[in-house]
Amino acid sequence: MSDAVVPHRSEAPAPPARGSSSGWFHRVIESDLFYSFRRSKLTMIAAAVTLLFFLLAIFAPLLSVQNPFDPAQLQLANSRFAPLWEADGQAPYLLGTDEQGRDVLSAILYGLRVSLFVGVLGVLLSGTLGIVLGLIAGYVGGAVDSLIMRIADVQLTFPAILIALLVNGVAKSVFGNRLDATSMLAVLVLAIGLSFWVQYARTVRGSVLVEKNKDYVAAAQLIGLPAPVIMLRHVLPNAMGPVLVIATINLALAIITEATLSFLGVGLPDTMPSLGTLIRIGNNYLFSGEWWIVAFPGIALAALILSINLLGDWLRDALNPKLR
């Protein structure tokens with residue numbers, strides 16, 4: 001009797017390793033967050049627009065026809081050219097030029113870098129400060145909690161723009177004319193960071209008050225883990241969802257705050273303009289016919305803020321289990 005031929009059975013592919021990049025990518029693709037992202041076309045458009053703005057800011061030196069921060073590249077003979085599609089427009093100034101002969105498109109790209117740089121650093125500073133103070137207040141409790149929260153309550157009675165103006169004014173009164181453009185950039189980041197830490201602190205404190213009474217925290221305390229390790233490694237990850245939502249929304253608020261300060265003339269100088277500075281400069285020529293000097297920076301700022309706010313709204317709804 002001939003032996004029966006056993007058909008060859010192909011083995012199922014092994015699942016990706018736990019720590020592999022393909023396994024991480026697979027988990028991201030199948031996550032509820034990514035599913036919610038794919039279902040919202042408006043959110044996908046907002047994410048694409050936000051990513052586009054960041055890419056334009058990063059590659060501004062490659063996309064610009066001039067460096068608007070370099071006075072040697074500016075010529076007054078090229079000032080106030082209309083956009084290229086107008087009758088008196090001239091190449092290569094696609095969106096026209098301002099009163100200093102600065103290409104408006106190049107100024108927007110470089111101003112976008114400044115606005116995003118200040119906004120991102122301001123959010124990182126305020127987030128770090130608020131998270132640390134919120135962890136300490138919620139985990140330690142007692143007089144420390146009361147002190148931090150009373151300071152937060154006092155700051156909440158003032159608008160964020162007033163706090164930023166106060167920090168900016170104190171820095172200028174202390175250092176005077178010794179503040180150059182780079183120092184002014186640091187002052188803006190500090191002003192914005194000190195203006196928005198309260199939301200992070202109150203949110204993290206509330207999450208810590210809930211999490212610190214759970215069994216896993218008691219187990220970590222039982223095996224002798226120090227309090228900073230318990231707060232950062234075990235408690236903080238459970239509070240990161242609301243923190244991400246606040247950070248996304250506060251990025252738009254930080255950019256608006258910087259633009260407001262620059263529009264009021266207490267932000268960055270004209271030699272290193274942000275989008276707010278460009279709008280302030282263009283506002284002086286709005287009724288003289290050179291509408292493009294203020295219109296295009298204003299449109300860029302509005303589109304950036306709108307796209308970030310839409311992402312923040314989606315993230316807030318996607319991370320809320322009651323709305324799933």
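Structural data are supplied above this passage.
Residues numbered from 1 in each chain as written. Predicted model: local features only at pLDDT ≥ 70, side-chain atom pairs only at ≥ 80, totals over all residues. Heavy atoms only, no water.

Draft legend 1. Quick look at the nonpolar core. Among the nonpolar cores identified, the biggest contains 59 residues, and I108, L112, V118, L135, I255, L301 and L304 are the most heavily contacted of them. Tallying contributions element by element places helix 5 (residues 104-140) first for this core, with 11 residues. With near-sequence residues (within four places) excluded, L112 lies in contact with F53, L56, A57, L275 and L304. Among the nonpolar cores identified, the runner-up in size contains eight residues, and F37, A47, L315 and A318 belong to it. (Core = buried A, V, L, I, M, F, W, Y, C linked by side-chain atoms within 4.5 Å. Buried < 20%, exposed > 50% of the residue type's maximum accessible area, 1.4 Å probe, protein only. Helix = DSSP H or I, 4+ residues; strand = E, 2+ residues; numbered from the N terminus. Contact = heavy atoms within 4.5 Å.)

Draft legend 2. Summary view of helix 5. With 37 residues, helix 5 ought to run about 54 Å at 1.5 Å a step, and its terminal C-alpha atoms sit 53 Å apart, in line with that. One or two steps after helix 5, the chain reaches G141, where phi turns positive at roughly 70 degrees. (Expected span 1.5 Å × (residues − 1).)

Draft legend 3. Spatial organisation of empty space enclosed by the protein. All told, the structure shown has one cavity of 30 Å³ or more when counted by the stated rule. Taken as a whole, the largest cavity encloses approximately 50 Å³ of empty space. Lining the largest cavity, in full, are D98, V104, A107, L278, I281, I293 and P297. Secondary-structure elements contributing two or more residues to the lining of the largest cavity are helix 5, helix 13 (275-283) and helix 14 (292-318). Classifying every residue of the lining of the largest cavity gives six nonpolar, no polar and one charged. (1 Å grid on protein atoms, 1.4 Å probe; cavity = no way out; pocket = protein on both sides within 12 Å on 5 of 7 lines; lining within 4 Å. Points joined across faces, edges and corners; volume = space filled by probe spheres on them. Nonpolar A, V, L, I, M, F, W, Y, C, P; charged D, E, K, R; others polar.)

Draft legend 4. Summary view of the pattern of salt bridges. Summed over all chains, the structure comprises five salt bridges. The partner of D145 in a salt bridge is R205, with the nearest N and O atoms 2.7 Å apart. With D145 in helix 6 (residues 142-156) and R205 in helix 9 (residues 197-211), the pair connects residues that are 60 residues apart, well separated along the chain. Note on D145: relative accessible area 10%, which makes it buried. One network of salt bridges, with partners in common, ties together R150, D153 and R202. (Salt bridge = Lys/Arg side-chain N within 4 Å of Asp/Glu carboxyl O.)

Draft legend 5. Highlighting the packing of helix 3 (residues 41-58) against helix 5. In contact at an axis separation of 8 Å, helix 3 and helix 5 are set at 110 degrees when each is read in the N-to-C sense. Judged by the angle between their axes, helix 3 and helix 5 are roughly perpendicular. Regarding helix 3 and helix 5, the two cross each other, and that crossing is left-handed. Along the contact surface, helix 3 presents F53, F54, L56, A57 and I58, while helix 5 presents L109, L112, R113, L116 and V120. Counted by class, the contact of helix 3 with helix 5 contains nine nonpolar, no polar and one charged residues. (Axes fitted to C-alpha atoms, helices over the stretch in contact; angles between N-to-C directions. Parallel < 35°, antiparallel > 145°, perpendicular 65-115°, else oblique. Left-handed = near helix turned anticlockwise from the far one by under 90°.)

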